[in-house]
Amino acid sequence: MARSRKKRSDDGRADDRRPGDRRAAAEAVVEAVDGGLAELIPDRDRARAWTLLIDGAPQSHVDLDDPAHLGFEYQRRLGHVIDLVAPPGRPVHAVHLGGGALTLARYVAATRPRSTQQVVERDAVLVQLVRRELPLDPNARIRVRSTDAREGLAKVPDGWADLVVADVFSGARTPAHLTSAEFLTDVRRVLRPEGLYAANLADGPPLAHLRGQIATAAGVFPELALVADPTVLRGKRFGNAVLVGSAQPLPVAELTRRAASDPHPARVEHGRALTDFTGGAVPVTDATAVASPAPPPSVFR
């Protein structure tokens, strides 16, 4: 297995550096994992913060000194959902489909101590890398299972979870079998009646994938909201959107306030406006599901 450590110079290029030498700067860690080439890149502005990339696509950002810090826009939006799933500080049961650098599991553990969490991350080598280089708080009640997301979800008891977060990408695409009504039906099975489902979705013009995912979720969850950058919703660029579903009314007003106060403000669509946005899209089933579209190369430049 290829593994190396390299220091990043000021212009972003990688320079050779002896393993373990951190006198001048933290070193990038580059290692082959099941899903491709993983890179842990040190954050120049935060002493113990790192960005995880897989084959050049940013996946996660973690600050070991401040796990409540969420550096990516979509992670902040998922963080708002986590903040609203229960009263502040109350422990929850959470399932994370897709682990990355375990950013959101760390966030839950930091903001809701004594929470019980299950992370399902198929890439076992990536899990080993993250555990070694970005160790978890030993007091955090986080269990990581290295298996397929649907297989891991199937093992969660009925009505166990307050929260299910889906943030699963193979490279930069969500696998097809995690986009269907059958998948979402199993998500709802594991949720408590008042529980929340939150999914990180990625799409670009003409937003056919995003509209199809909303239509699919509408057949499973009576209440839906979508959080995204207005330019993404207008089909002007490729980007992320967070879809939130529940069997109970959602805290739309508070979610809207929080999303609007972010450094990059987002819009929340709900109710009739969200139905209109869907534009008659047809729900996705296991028989018709396809992976989410690949982002254009310019997205990661």
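Calculation rules
Residues numbered from 1 in each chain as written. Predicted model: local features only at pLDDT ≥ 70, side-chain atom pairs only at ≥ 80, totals over all residues. Heavy atoms only, no water. Helix = DSSP H or I, 4+ residues; strand = E, 2+ residues; numbered from the N terminus. Rg over C-alpha atoms; globule rule 2.2 N^0.38 Å. Buried < 20%, exposed > 50% of the residue type's maximum accessible area, 1.4 Å probe, protein only. Contact = heavy atoms within 4.5 Å. Phe/Tyr/Trp six-rings, centres within 6.5 Å; stacked < 30°, edge-to-face > 60°. Polar contact = N/O pair within 3.5 Å; in protein donor to acceptor, adjacent residues only side chain to side chain. Axes fitted to C-alpha atoms, helices over the stretch in contact; angles between N-to-C directions. Left-handed = near helix turned anticlockwise from the far one by under 90°. Nonpolar A, V, L, I, M, F, W, Y, C, P; charged D, E, K, R; others polar. Pairing = 2+ DSSP bridges. pLDDT = per-residue confidence, 0-100. Salt bridge = Lys/Arg side-chain N within 4 Å of Asp/Glu carboxyl O.

Engineer: Is there a simple way to think about the overall build of the protein in this case?
Structural biologist: Counting its regular elements, the protein contains nine helices and 14 strands. Here the C-alpha atoms of the protein give a radius of gyration of 19 Å, agreeing with the 19 Å that 2.2 N^0.38 yields for 301 residues. Principal-axis analysis of the C-alpha atoms gives the protein an extent of 55 × 40 × 40 Å. Here the protein holds 301 residues, and 51% of them are scored as buried. Long-range pairs, those at least 24 residues apart, make up 67% of the contacts in the protein with a sequence separation of at least 6.

Engineer: Help me out: how do you make sense of the environment of Ala241 in this one?
Structural biologist: Looking at the secondary structure, you find Ala241 in strand β13 (residues 239-246). When its relative accessible area of 2% is taken as the criterion, Ala241 is described as buried. The sequence separation of Ala241 and Glu223 amounts to 18 residues, and the corresponding C-alpha distance is 17 Å. Look past the residues within four positions of Ala241 in its chain and what remains in contact with it is Ala199, Asn200, Leu201, Leu210, Leu226, Val227 and Ala228.

Engineer: Would you explain the packing of aromatic side chains in this entry?
Structural biologist: The full count for this structure, using the stated rule, is two aromatic pairs. An angle of 10° between the planes, with centres 5.6 Å apart, marks the rings of Tyr197 and Phe221 as stacked. Linking Tyr197 in strand β11 (residues 191-203) with Phe221 in the loop between α6 (208-218) and β12 (223-228), this pair joins segments that are 24 residues apart in sequence. The residues Tyr197 and Phe221 share a single accessibility class, namely buried.

Engineer: Looking at this structure, how should I read helix α3 (residues 124-133)?
Structural biologist: Burial in α3 covers these residues: Val125, Leu126, Val127, Leu129, Val130 and Glu133. Looking at where α3 begins, the residue whose side-chain oxygen comes 3.3 Å from the main-chain nitrogen of Val125 is Asp123.

Engineer: Would you explain the packing of helix α1 (residues 73-84) against helix α2 (residues 103-111) in this entry?
Structural biologist: Running from N to C, α1 and α2 cross one another at 35°; their axes reach a closest spacing of 11 Å. Along this stretch, α1 crosses α2, giving a crossing that reads as right-handed. Contacts between α1 and α2 involve Gln75, Leu78, Gly79, Ile82 and Asp83 on the former and, on the latter, Thr103, Leu104, Tyr107 and Val108. Here the contact of α1 with α2 is built from residues that sort into five nonpolar, three polar and one charged.

Engineer: How should I be thinking about the sheet that holds strand β10 (residues 161-166) in this particular structure?
Structural biologist: As a general point, the strands of a sheet are linked pairwise by backbone hydrogen bonds and lie either parallel or antiparallel. What the eight strands build is an open sheet, ordered β9-β8-β7-β10-β11-β13-β12-β14; its pairing is mixed. Of all the strands in the sheet, the pair left with one neighbour each is β9 (141-145) and β14 (267-270). Neighbour-to-neighbour, the strand axes of the sheet open up by a mean angle of 15°, direction not taken into account. Direction of pairing for β12 relative to β14: antiparallel, over a ladder of four bridges. Considered in β14, the bridge of Ala225 is made with His270. Set on the sheet, α1 makes contact with β10, β11, β12 and β13; between it and β13 the angle comes to about 15°. Packing against the sheet, helix α5 (residues 181-190) makes contact with β7 (93-97), β10 and β11, and its axis sits at approximately 145° to β11.

Engineer: Before we go on, may I ask you to explain the confidence of the model for the protein in this structure?
Structural biologist: Predicted coordinates in areas of low pLDDT are best not read in detail. When pLDDT is averaged along the protein, the result is 92; 91% of the residues meet or exceed 70. Counting interchain partners and residues more than four positions distant, the pLDDT-below-50 stretch residues 7-24 has 32 contacts.

Engineer: Would you mind going over the pattern of salt bridges with me for this structure?
Structural biologist: Close approach of charged atoms allows side chains of opposite charge to pair. Tallied over the full model, the rule gives 17 salt bridges. With its nearest N and O atoms 3.3 Å apart, the salt bridge here joins Glu73 to Arg77. Remark: Arg77 and Glu73 occur in helix α1; sequence separation between them is four residues, near one turn of the helix. By relative accessible area, which is 27% here, Glu73 ends up partly exposed. Note that Arg150 and Asp286 form a salt bridge whose closest N and O atoms lie 2.8 Å from each other. Of the two residues, Arg150 is situated in helix α4 (residues 149-154) and Asp286 in the segment after α9 (272-278); the sequence distance between them amounts to 136 residues. For Asp286, a relative accessible area of 36% corresponds to the partly exposed category. Salt bridges here are not isolated pairs; linked through shared partners, they connect Asp83, Glu254, Arg257 and Arg258.

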